Every structure is written in C-alpha cells, then in structure tokens.
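Next come the chains, spelled out residue by residue.
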Amino acid sequence: MEILNAFDVAAIEQAASVLASGGVVAFPTETVYGLGADAFNARAVARIFEIKRRPRFDPLIVHVAKKEWVFDIAEHVPLQAIRMMDRFWPGPLTIILKKQPCVPDIVTAGLSTVGVRMPSHPAALALIEALGRPIAAPSANPFGYISPTRARHVAKMFRDEPGIILDGGNSRFGIESTIVSIHDGMIILHRHGAVPVEELNSIGETVREKTAGNVCEAPGELPYHYAPMKPLKIIDHLDEITVSASSYLGFKEAEKQPPSRYVKYLSRDGDMREAASNFFSHLIELDRQDIDVIYAERIPERGLGKAMMERLMKAAKKCTA
C-alpha cells in the first residue's frame, strides 16, 4: 500500500477518486485507522471483507461527514439519538439505527439496522466530504487482530495489498468507538469504547449493557477479538510472570522491574487517556518481539479502563480457546 499525507488536498482527492471508482482506502480516524469503501457500493464493500478476511456476519460502521446525512441512511432517528449526536458528534460514538433500503445488506450483515458515526479526525471528514457519500469502514487490520493506530501499522499488516493509506498521524484516542443502540427508550451498550459510559450517563441517559445473544449486531461483539499472535495472559501481580521469554504490558510503572524480556507501560503515572492512546500500539510492538507470551497488567475498570479491559479479556479468551 502507498502511504500519502492525509493533510495534503491532492492526496485526499486521489483517495476519494479511488473510493468513487469502487476501490478501498485506509484512512485515519481519532479512534483507530479504518479500511473504507463507498458505503452504497456493495461490490466495493465486499472487497473490505476479502482484504480483512472478515466473516460476512460481522457488520460494518458507516461514517458520515454531516449529521444531516444520518436521515438519508436511517429510517428513524429517535430523540435520544439526536441528543447523543449533538453531544458527542463529531467523535467516537457509534449509534445503531434502523436502516434505509439504500444501505446494502453486506454493510449490515443482513440486519435491518446500521451503525453510524461522524468521526472528528479532519482527514477522515475531508475524505468523506470529497467522496460526497458515506464510507463504510471497519478497523484497518486482519480480522481479529489488534487495531492499528499508526499508518505504519496498516502498511505492515497489508504490505502485499495494493491501494492507498492516508497518514494522518497517531490516533488520538487509540481505542475504537463506543457503540450503542436504543430500545424502548433505553440506551443499550454494545461495545465499550472511547466515550466512557460515565459520559453517556452525564447527559441524563440510562445505559445498560447488552445481554449475550446469538446475533452479532455490532463490531467487537464476538467473544474472541483484538488478539495478538502471541498468547496473552492477564495478571494482577508481577510474581505471576513465570516465562522469561515474555513481554509485559503494564498499566503504570511498576515499583520493581518486571522479569520479562520486553516491557511497555501504557502510562507512567496511570493516566487513562494516555494509556488508551498507547494501548494498541504497545500491544502491536510487544507482539512483534521474539517472545512466547505477553503478560498484561489488569487495568482499573473505570472510564476508558473498561474499554481496555474488555479488549484484553477478549484477547486472552482467544488465546486460551
């Protein structure tokens, strides 16, 4: 894949031209890098599934450049959705809504609903506006692997694929969007993400987590996900490290040196936003080392910590399955 400067107007126009002709482009968002196609072009969207080796039952998120576009995509936009759009858009919140027929079934995995969000990254907005149509995009990584937060991550993951990567710098949040739906006036949480539940509660909404079911209604709902190639084990204490040929991912700096070959700290002083921004990039770097296992310190489950722990638990579960 060819890497272009996402802040160059000519590069945006070139990428939009690729999308308009049915191609696929990797682009930056404030959460992670996405692999996008014209959301109304079913054949182009199918190419995303092929590149990622993503199962067709796992729906994609549709990205818009203006709030008004939602009314062309969704059959009905409840008042709670409008309130959340006003508060969190542009930003890392995806809202699942009843879809219009114009949204191809391949985008929604055949479901009658579609997840929509308006990213805040200026390059993402510029690309969508240049195309003049919504972009369907999952994270720009092989299915089930760690999400990329740097253009170079995408380039290494898809080094043999033709196409364009727009380099917009490091992702600000480093964690995917929070995903919610609305049922009977209740906000249902499908995935913890860059908008903490506490912030949703702060606007007067009642939020409850989705109960387990057989239907995958949103990205990230599968039991195994976000996993490195190496086995990952979550620990509470350094004395649980028994393999010397290992990597250690700490939430904050440890009082003593961990007995691992490679060590990374998400935040020296335990700052949640800094930790989230480093989360996937540190995991990718540790996974590439010559080690047998990755040990990850348990992260306090408050604010963004809930999103990080959700991903660590899914990665650990995949490794032990």
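Residues numbered from 1 in each chain as written. Predicted model: local features only at pLDDT ≥ 70, side-chain atom pairs only at ≥ 80, totals over all residues. Heavy atoms only, no water.

## Details of the pairing of strand β16 (residues 293-297)
- Of all the five residues making up β16, five are buried; the element is thus mostly covered by neighbouring parts of the structure.
- Judged by which residues are buried, β16 turns out to be covered on both faces: V293, Y295 and E297 on one side and I294 and A296 on the other are all buried.
- Bridging between strand β13 (residues 232-235) and β16 involves four bridges; their strand directions are parallel. Within β16, the residue paired with K233 across the bridge is Y295.
- Direction of pairing for strand β14 (residues 246-250) relative to β16: parallel, over a ladder of four bridges. Across the sheet, the residue bridging to L249 is A296, located in β16. (Buried < 20%, exposed > 50% of the residue type's maximum accessible area, 1.4 Å probe, protein only. Helix = DSSP H or I, 4+ residues; strand = E, 2+ residues; numbered from the N terminus. Pairing = 2+ DSSP bridges.)

## Focus: the side chain of S260
- Its place among the elements puts S260 in the loop between β14 and β15 (262-265).
- A residue is classified by how much of its surface remains accessible, and S260, at 10% relative accessible area, is buried.
- A distance of 2.9 Å separates the side chain of S260 from the side chain of S246, its partner in a polar contact.
- With residues near it in sequence (within four places) discarded, S260 still touches I241, S244, S246, S247, Y248 and Y295. (Polar contact = N/O pair within 3.5 Å; in protein donor to acceptor, adjacent residues only side chain to side chain. Contact = heavy atoms within 4.5 Å.)

## Side note on helix α9 (residues 272-287)
- Over its 16 residues, α9 extends 22 Å from the first C-alpha to the last, a length consistent with the 22 Å expected when each residue adds 1.5 Å.
- At F279, α9 shows its largest kink, close to 45 degrees.
- For α9, the buried fraction is high: 13 of the 16 residues fall into the buried class.
- In this structure D271 caps α9, since a side-chain oxygen of it lies 3.3 Å from the backbone nitrogen of R273. (Expected span 1.5 Å × (residues − 1). Bend = angle between axes of the 7 residues up to and from the residue.)

## Section: the pattern of salt bridges
- For the coordinates displayed, the defined rule picks out 16 salt bridges.
- Close ionic contact of R117 with E30 constitutes a salt bridge, the shortest N to O distance being 2.7 Å. Of this pair, R117 sits in strand β7 (residues 113-117) while E30 sits in the loop between β2 (25-27) and β3 (34-38), and the two are 87 residues apart along the sequence. Comparing R117 with E30, the two get one shared label, buried.
- Here the residues in one salt-bridge network are R47, E50 and E161, joined through shared partners. (Salt bridge = Lys/Arg side-chain N within 4 Å of Asp/Glu carboxyl O.)

## Examining the nonpolar core
- Counting residues in each nonpolar core, the largest one holds 98 residues, and the members touching the most others are L127, L166, F279 and M308.
- Ranked by residues supplied to this core, first place goes to α9 with eight residues.
- Beyond its immediate chain neighbours, meaning those up to four positions away, F279 contacts I175, L249, L266, I299, M308, R311 and L312.
- Core analysis: the next-biggest nonpolar cluster, separate from the first, contains seven residues, L238, Y248, Y265 and Y295 among them. (Core = buried A, V, L, I, M, F, W, Y, C linked by side-chain atoms within 4.5 Å.)

## Topic: the side chain of S181
- Mapped onto the fold, S181 is located in strand β10 (residues 178-183).
- One polar contact links S181 to H183, side chain to side chain, over a distance of 3.4 Å.
- In this structure the side chain of S181 is engaged in a polar contact, spanning 2.7 Å, whose partner is the side chain of H190.
- Excluding anything up to four places from it in sequence, S181 contacts I96, M186, I187, I188 and H190.

## Re the packing of aromatic side chains
- Applying the stated criterion across every chain yields a total of three aromatic pairs.
- Between the aromatic rings of Y248 and Y265, the centroid separation amounts to 6.4 Å while the plane-to-plane angle is 80 degrees, which identifies the pairing as edge-to-face. On the criterion of sequence distance, the pair formed by Y248 in strand β14 and Y265 in strand β15 is long-range, its members being 17 residues apart.
- Judged by its relative accessible area of 13%, Y265 falls in the buried class.
- One residue, R311, lies across the ring of Y226, its end atom 4.9 Å from the ring centre. (Phe/Tyr/Trp six-rings, centres within 6.5 Å; stacked < 30°, edge-to-face > 60°. Lys NZ or Arg CZ within 6 Å of the ring centre and 35° of its normal.)

## Overview of the sheet that holds β15
- Pairing within the open sheet is parallel, and its four strands lie in the order β13-β16-β14-β15. The sheet is open, and its two borders are formed by β13 and β15, each paired with just one other strand. Each strand axis lies, on average, 20 degrees off the axis of its neighbour in the sheet, ignoring direction.
- In the packing of α9 onto the sheet, contacts are made with β13, β14, β15 and β16, and the angle to β14 comes to roughly 170 degrees. (Axes fitted to C-alpha atoms, helices over the stretch in contact; angles between N-to-C directions.)

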